[in-house]
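Chain and residue survey
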Amino acid sequence: MNTSKAKSSEGLDWIAITQKIGTPVASVILAILIGSFIMWVSGYNPVAAFSALYQGSFGSPKAFGDTLLRSTPLILAGLGLAYGFKANLFNIGAEGQLFMGGLAAAALGLALAGQPWYLAIPLLLIAAMLAGAAWAFIPAILKARIGAHEVITTMMFTYIARYVVSWLVVGPLKDPGQIPQTRLLPVESQLPRIQSLFSDATLQAMPFLKFGRAHMGILVALIAAVVLWLVLKYTTLGYENRAVGFNPFAAETGGISVQWTTVKSLCISGALAGLAGAVEVMGVHHRLFDQFSSGFGFTGIAVALLAKNHPLAVIPAALLFGAMSAGAGTMQLVADVPQKIILIVQALVIFFVAAEGIITYFLKQRQKEVPSHVG
Amino acid sequence: MLGDIITPDLFASAFRMATPLALAAIGGTICERSGVVNIALEGIMLVGAFAGVAVTLAFGSPWLGVVAAVLAGVAIAAIHAFTSINLRSDQVVSGTAINILALGLTGFLMEIMYGHPGTTEAIITIKPVFRFATERGSGTFFGVIWNWFNTIVLSHTPIVYGAIIIAVVAQWAMYNTRWGLHLRALGEHPRAVDTVGVSVVRGRWIAVLMSGALAGLAGANLTLEQVGSFTENMTNGRGFIALAANIFGRWTPVGSYSASLLFGFFDALQIKLQIFRGEINIPPQFFLMMPYVLTVVVLAGVVGRAVGPAAVGKPYKKG
Amino acid sequence: MPLLELREITKAFPGVLANDRVSMKLDKGEIVALLGENGAGKSTLMNVVYGLLTADDGEILVDEKHVKIKSPRHAIDLGIGMVHQHFMLVEPLTVTENIVLGREPGRFGVIDFATARQRVREISDRYSLKVDPDAKIIDLSVGMQQRVEILKALYQGARVLILDEPTAVLTPQEVTELFRVVRSLVDEGLSAVFITHKLEEVIAIADRILVMRDGAVVGETTPSATDEIGLARMMVGRDVVLSVEKGVSQCGDVVLSVNDVHIEDDRSLEAVKGVSFAICGGEILAIAGVDGNGQRELVESIVGLRRPTRGTIELKGNDITRANARASIEAGVSHIPEDRQRRGLVLEFNIAENIILGDHREPPAADHGIMHPKAIAELARKRIADYDIRTPSERVLADSLSGGNQQKVVVAREIGRNPELLVAAQPTRGLDVGAIEFVHTQIIRERDSGKAVLLVTFELEEVLSLADRILVIYEGRIVKEFAVADADAETLGYFMTGGGGSKLAEEQESKPVESSVAGGDK
């Protein structure tokens, strides 16, 4: 493997960048082609379907707003997964931390009624991050201390979180009405819609700003992506996270505590997932109910894998999945193709991205032993 | 009061609830014992459930549906086997993809076959094996005993009994046959198995396919014996409870069954308690989360360590 | 008539000729010992015979018939069994299950455990290899596990038994027992190939001795025709090709003092059994020993990766016995690990990121958790220039550097930190001559600037050309101390391989075996 003797790890090396994004792009194209084939076999017109999908996701400001709306939690959950993956940790239970984040935001939001927005919103977001981190903490400790696999433990905690939320919305936090949900958050705790920032006159003059339901959570997500990128690139925290992920033995020799890094990594991953839950509650539903997340934590896995765990690449990857989910309705309406095809395409993307990892693995021809737990 | 809750049908219901969990859990046991993690049980079960209903609707025979469910489970498991064993892909990633694929595939097929999402029309379900009168002489002591026995033991459909038989047979086979010995060795030290001339790839493929068949059968039980129709995402996390039952049962078939029975009992109890909400105010969610809480407790080593096969999740490379 | 014959076996790995036209014969009822240093090519040769590797060239004959051994299964079918250094046993399974694995008696796929147990008993009785057929492997001692491995080979019908470094993991009593077992097997008509680097064992067990060095057979002899000194000369007897210019040591204050430390290995067996020494500033102390005699555990405990069970370690008077790796670095200990790809470098990191590993929290790399890429790049470029790392830029991934340049990155980081003590473990393993010279020069420069250096190696030339003082470690104990002027390769090799007192001698003090005491008072 001497062809790439002078591989560079950063800087604007366009060849390297092309190589890096080449396979995810190819995976998406391949998945779309196979998806099209499935549609064609099932008697649908894939061209019509995908153009309707495009219409429904990017075709109008409102459609784009919908894409942003759905991408927002995906960016945050994807960032959480990516940060864990960087330390060789698979936080498959991001969905549970997302639930706890949503719960914390809702509960605190209701409690803080009457507080001004500049106090309420930051406090809610912080509370959600803490709740997500706390929900990841026990799996993290179990992983670091006795090597219990985080895939199993975080998954178990996901279901526990779901039942906790489902109990609270029919019990202690229940709205006096019939529906199992909390009361509406006070308006100070809600993330405003993007178009509400502009006056009616402005919107009349510039209709391309009518982003529909898209809310300021997207700003939170974009900031989080940039911050995480900076953390990974410019802080000792990120450096240690990456070192442990690549080679725990060398990290340990360099004086890095593998156990403590594992705990920090999973908790940060959980905090980001918690944030995803909060923006969904604060920006979309403005209340908590037990189906408030449509599996964003799980789709976040696909997002992180497709982005190859790069925090900035998480943004386009999340936009892609967000667009698919936003446009699926239009696709069904216009081209009559069942929305579920989107899930099939998503699964195919994961298969191909994972299989690509295998190809590079073979090319490297270097088998490295990574301990299942480090003690 | 307590007598209204602790009734024979509570226990009968526990066995019914346990069956899909147990079948998938035993599948998980076999798969993990061979060294392959299978978090795709959820998706495989869902595909099995759908295939069972689709074939039953098409041909009118639920038994044909059972066969279809098993075959569909095997087919989906084959994808997992190929990516995990041959491509040496990350087994958790592959399982995640299969779960998403199953959700999409069943939903998609449902709409193109029946023209609507949600729930299929009802099918003829598989009837209980025995049919004895339930209230035979309920006044006498023996009458009461008979009623309990009849309801708890004799009221079930074939796959419910099948699951018990499978648990026992799998347990026996795991410790008494060549297949079982090779399986137990595969997940611990694949190289040791390889050096005595037993194929690791073949052994693991068989195990993954068996887990697919069992999870498919679990799906068949759910739709063809219990619910009588297919609803999107109807497995609703049962695959993950099955995974938990496998751990709670310490990676043995009978252990998996027993854990599933315990989890099934919690489920039956919470349903029962909902009738008595006025008097007893334990939220049903408390029981529903028990399987997961207990599994974490076991993994944490609070009641003895739960240690899986040493080589589980690690792709094997020859040479 | 030879049972097994190898003709001109050649096997090359990228950059190394592991076996260079090696020929050997093994007769029925014979024990041939393959003696050589680590990396001499013994294990490669036997892996070829066992079907784990395929030779590039050469012929293998079994019963005077040409064979191409493609897999271990094939080797087993030909009657070749191997006891691996790392046992091929499934720990949670029973002895019987392990032995019959792959060849289970029974019908219709059901294992007939009664017959299986019976056969295991038969074999174990025939060769007096007592073992409980129903015990689980995990509950057995290492010696017992090895016995199960031997039984497994016998059950599979082995006529030739290859034992790869079988004594490395055994206690003295177990070694004696193993020798008795191997003898009795040979008396029953089996043949054995015994791979080792321990001289006394060869003399005690072998009928014939093949000495390997650098992939080739350099001599053949018998125990009666030679002694340990003669064997040591054959094994290590090459000229010292590298000579390093170095002045007289200016010994200053004591920097490191190690007092009666006992250390356990990963399996909780005592690997270091009470070692004491001190190093002063301006001195290179070498610990010479064959791999696996406790030096790894000793190094790990000095650099904070492992805690001694007893004893103390002090650096300039400060107790660092219980320091972790971070505290150890901060106290002034630098460490060139023996496996640079596993412990020394993060291969996926670039050079700059690797240069700061361990110092990544401190200025100039970072302060208050924020890293300074410019300062890091500057530092990296300085190190690249100072230590002559051949690379177009500090942003090149460590993975794509040559072995020598990778080691230069490690050396640059560890010496560049300006430590009080430099611990260098196998610092030149696998390097070419130029890189070796570079590393040696750096180590001497470090000494000359008044720092203490602990060199741990099994390369004799390295010991002789670098050290001011030499300790020989054997089986977890310091068995000999030399001033460098008093040492030569043969004497060192003699003590490193147990010449001065050994497991066997320990066990058989009361009944001395003539061969193992030869030259014992040198």
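Since the structure is predicted, the reported quantities are computational estimates derived from the model, not experimental observations.

**Some details on the overall build of chain C**
For chain C, the count of helices and strands is 18 helices and 24 strands. Taken against the 2.2 N^0.38 rule, which gives 24 Å for 522 residues, the C-alpha radius of gyration of chain C at 25 Å falls within 12% of a compact globule. Considered along the principal axes of its C-alpha atoms, chain C spans approximately 70 × 55 × 45 Å. Sorting the 522 residues of chain C into buried and exposed places 58% on the buried side. Sequence separation of 24 or more characterises 70% of the internal contacts of chain C that already satisfy a separation of 6 or more. When the accessible surface of chain C is totalled, it reaches about 20,700 Å², and 48% of it is carbon and sulfur. When the 61 basic and 82 acidic side-chain charges of chain C are each reduced to a single mean position, those positions are 4 Å apart.

**Regarding the overall build of chain A**
Counting its secondary structure elements, chain A contains 14 helices and zero strands. Its helices and strands taken in sequence order, chain A reads α-α-α-α-α-α-α-α-α-α-α-α-α-α from the N to the C terminus. In chain A, the proportion of contacts linking residues at least 24 apart, taken out of those at least 6 apart, comes to 76%.

**Structural notes on the sheet that holds strand E13 (residues 254–264) of chain C**
The strands making up a sheet associate through hydrogen bonds between their backbones, and the pairing can be parallel or antiparallel. Residue and element names in this part refer to chain C. Ordered by their spatial adjacency, four strands build an open sheet running E14-E13-E16-E17, and the pairing between neighbours is antiparallel. On the outer flanks of this sheet lie strand E14 (270–280) and strand E17 (318–319), each paired with one strand and no other. Along the sheet face, helix H9 (residues 295–302) touches E13, E14 and strand E16 (310–315) and points at about 125° away from the line of E13.

**So, the interface of chain A and chain B**
The interface of chain A with chain B comprises 40 residues on the first partner and 40 residues on the second. Both faces considered, chain A and chain B share a buried interface measuring about 3,700 Å² in area, 79% of it formed by carbon and sulfur atoms. Of all residues in chain A, A:Met156, A:Tyr163 and A:Phe351 give up the largest surface area on contact with chain B, accounting jointly for 18% of the area buried on that side. Run the count over chain A and chain B and you get two salt bridges. In this structure, B:Glu232 and A:Lys340 form a salt bridge, with 2.5 Å as the shortest nitrogen-oxygen distance. Here chain A and chain B share three residue pairs in polar contact (both at pLDDT 80 or more) between them.

**A short note on the interface of chain C and chain B**
Between chain C and chain B, the contact holds 23 residues from the first and 18 residues from the second. In total, about 1,700 Å² of surface goes out of reach between chain C and chain B, with carbon and sulfur atoms giving 66% of it. A per-residue breakdown of the area chain C buries against chain B is headed by C:Met88, C:Leu101 and C:Glu104, which together make up 29% of the total. At the boundary of chain C and chain B, one finds two salt bridges. In this structure, the salt-bridge partner of B:Arg178 is C:Glu104, at a minimum N-O distance of 3.3 Å.

**A closer look at the confidence of the model for chain A**
Residues and elements named next belong to chain A. On average, residues of chain A score 87 in pLDDT, and 90% of them are at 70 or above. Taken as a whole, residues 1–11 scores under 50 in pLDDT and shows 21 contacts with residues more than four places along the chain or in a different chain. Note on residues 361–375: pLDDT is under 50 here. Beyond four places in sequence and across chains, it has 26 contacts.

**Brief notes about the pattern of salt bridges**
All names here are of chain C. Tallied over the full model, the rule gives 41 salt bridges over all chains. Between Glu-394 and Arg-381 there is a salt bridge, with its nearest N and O atoms 3.1 Å apart. One end of the pair, Glu-394, is in the loop between helix H13 (373–386) and helix H14 (403–416); the other, Arg-381, is in helix H13, and 13 residues separate them in sequence. On the basis of relative accessibility, which here comes to 10%, the residue Glu-394 falls in the buried class. Under the relative-accessibility criterion, Arg-381 is labelled partly exposed at 44%. The network of salt bridges with shared partners includes Asp-359, Arg-413, Glu-414 and Arg-417.

**Things to note about the pairing of E14(C)**
All names here are of chain C. Of the pairings in the sheet, the one linking E13 to E14 comprises eight bridges and is antiparallel in character. Residue pairing across strands places Val-261 opposite Val-275, the latter belonging to E14. What sits between the antiparallel neighbours E13 and E14 is a turn of five residues, in which Ser-268 has the positive phi angle 65°.

**Overview of the packing of aromatic side chains**
Applying the stated criterion across every chain, the model contains 25 aromatic pairs over all chains. For the pair A:Phe37 and A:Trp40, a centre-to-centre distance of 6.1 Å together with 40° between the ring planes defines the contact as tilted. Remark: A:Trp40 and A:Phe37 occur in helix H1 (residues 14–41); sequence separation between them is three residues, near one turn of the helix. Ring geometry for C:Tyr387 against C:Phe438: centres 6.4 Å apart, planes inclined by 75°, an arrangement best described as edge-to-face. On the criterion of sequence distance, the pair formed by C:Tyr387 in the loop between H13 and H14 and C:Phe438 in helix H15 (residues 433–448) is long-range, its members being 51 residues apart. Each member of the aromatic cluster is reached from another via a ring pair, and the members are A:Tyr54, A:Phe58, A:Phe64 and A:Phe211.

**Some thoughts on the packing of helix H2 (residues 8–33) of chain B against helix H7 (residues 158–176) of chain B**
Working note: a packed helix pair is described by the angle between its axes plus the distance between those axes. All names here are of chain B. Put simply, H2 and H7 touch, their axes get as near as 9 Å, and they point 25° apart. Regarding the angle of H2 to H7, the classification is roughly parallel. Pair H2 / H7 crosses with left-handed handedness. Of the residues in H7, those touching H2 at Phe-15, Thr-19, Leu-23, Ile-26, Thr-29, Ile-30 and Arg-33 are Ile-159, Val-160, Ala-163, Ile-164, Ile-166, Ala-167, Ala-170, Met-174 and Tyr-175. Partitioning the contact of H2 with H7 into residue classes produces 13 nonpolar, two polar and one charged.

**Here we look at the environment of A:Val28**
Relative to the helices and strands, A:Val28 is located in helix H1. Sequence separation between A:Val28 and A:Ala307 is 279 residues; the distance between their C-alpha atoms is 11 Å.

**Observations regarding the state of the cysteines**
Residues and elements named next belong to chain C. The final tally for this structure, using the stated rule, is one disulfide over all chains. With its sulfur 1.5 Å from that of its partner, Cys-251 forms a disulfide with Cys-280. The sign of the S-S torsion, about -105°, decides the handedness of the disulfide formed by Cys-251 and Cys-280: left-handed. Within this pair, whereas Cys-251 is found in the loop between helix H8 (228–236) and E13, its partner Cys-280 is found in strand E14, the two being separated by 29 residues in sequence.

**Details of a nonpolar patch on the surface**
All names here are of chain A. On the surface, a cluster of nonpolar side chains totalling about 510 Å² of accessible area is made up of Ile-21, Val-25, Ile-29, Leu-30, Leu-33 and Ile-34. Residue placement: Leu-30 occurs in helix H1. Residue class for Leu-30 comes out partly exposed when judged on its relative accessible area of 40%.

**Here's the deal with the sheet that holds strand E4 (residues 57–62) of chain C**
All names here are of chain C. Ordered in space as E2-E1-E4-E5, the four strands form an open sheet in which the pairing is antiparallel. The outermost strands of the open sheet, each flanked by one partner alone, are strand E2 (16–27) and strand E5 (65–67). Ignoring strand direction, the axes of neighbouring strands in this sheet form an average angle of 25°. Summarising the sheet, strand E1 (residues 2–13) and E4 pair through five bridges and their orientation is antiparallel. Counted as the bridge partner of Leu-4 is Val-62 from E4. Lying on the sheet, helix H1 (residues 42–49) is in contact with E1, E2 and E4; it crosses E1 at an angle near 120°.

**Regarding the environment of B:Asp194**
Residue and element names in this part refer to chain B. Among the structural elements, Asp-194 can be located in helix H9 (residues 190–195). Considered as a pair, Asp-194 and Gly-264 are 70 residues apart in the sequence and their alpha carbons are 39 Å apart. Polar side-chain contacts of Asp-194 include one of 2.7 Å to the side chain of Tyr-316.

**Quick notes on unusual backbone geometry**
Here the residue pair C:Pro363 and C:Pro364 is connected by a cis peptide bond, since its omega of 5° sits within 30 degrees of zero. Relative to the helices and strands, C:Pro364 resides in the loop between helix H12 (351–355) and strand E19 (366–367). Even without glycine at this site, A:Asn309 takes up a positive phi of about 65°. Structurally, the position occupied by A:Asn309 is in the loop between helix H12 (296–306) and helix H13 (311–335). The class of A:Asn309 is buried, set by a relative accessible area of 17%. The backbone of C:Phe108 sits at a positive phi, close to 55°, despite the residue not being glycine.

Criteria and cut-off values
Residues numbered from 1 in each chain as written. Chains lettered and ligands numbered in written order. Predicted model: local features only at pLDDT ≥ 70, side-chain atom pairs only at ≥ 80, totals over all residues. Heavy atoms only, no water. Helix = DSSP H or I, 4+ residues; strand = E, 2+ residues; numbered from the N terminus. Rg over C-alpha atoms; globule rule 2.2 N^0.38 Å. Buried < 20%, exposed > 50% of the residue type's maximum accessible area, 1.4 Å probe, protein only. Contact = heavy atoms within 4.5 Å. Areas by Shrake-Rupley, 256 points an atom, 1.4 Å probe, with all protein chains shown as cover. Lys, Arg positive; Asp, Glu negative; His and termini not counted. Charge placed at Lys NZ, Arg CZ, Asp CG, Glu CD. Pairing = 2+ DSSP bridges. Axes fitted to C-alpha atoms, helices over the stretch in contact; angles between N-to-C directions. Buried area = accessible area lost by both parts, 1.4 Å probe. Salt bridge = Lys/Arg side-chain N within 4 Å of Asp/Glu carboxyl O. Polar contact = N/O pair within 3.5 Å; in protein donor to acceptor, adjacent residues only side chain to side chain. pLDDT = per-residue confidence, 0-100. Phe/Tyr/Trp six-rings, centres within 6.5 Å; stacked < 30°, edge-to-face > 60°. Parallel < 35°, antiparallel > 145°, perpendicular 65-115°, else oblique. Left-handed = near helix turned anticlockwise from the far one by under 90°. Nonpolar A, V, L, I, M, F, W, Y, C, P; charged D, E, K, R; others polar. Disulfide = S-S within 2.5 Å. Patch = residues over 30% accessible without salt bridge, like charges linked within 9 Å, V, L, I, M, F, W, Y side chains within 5 Å.

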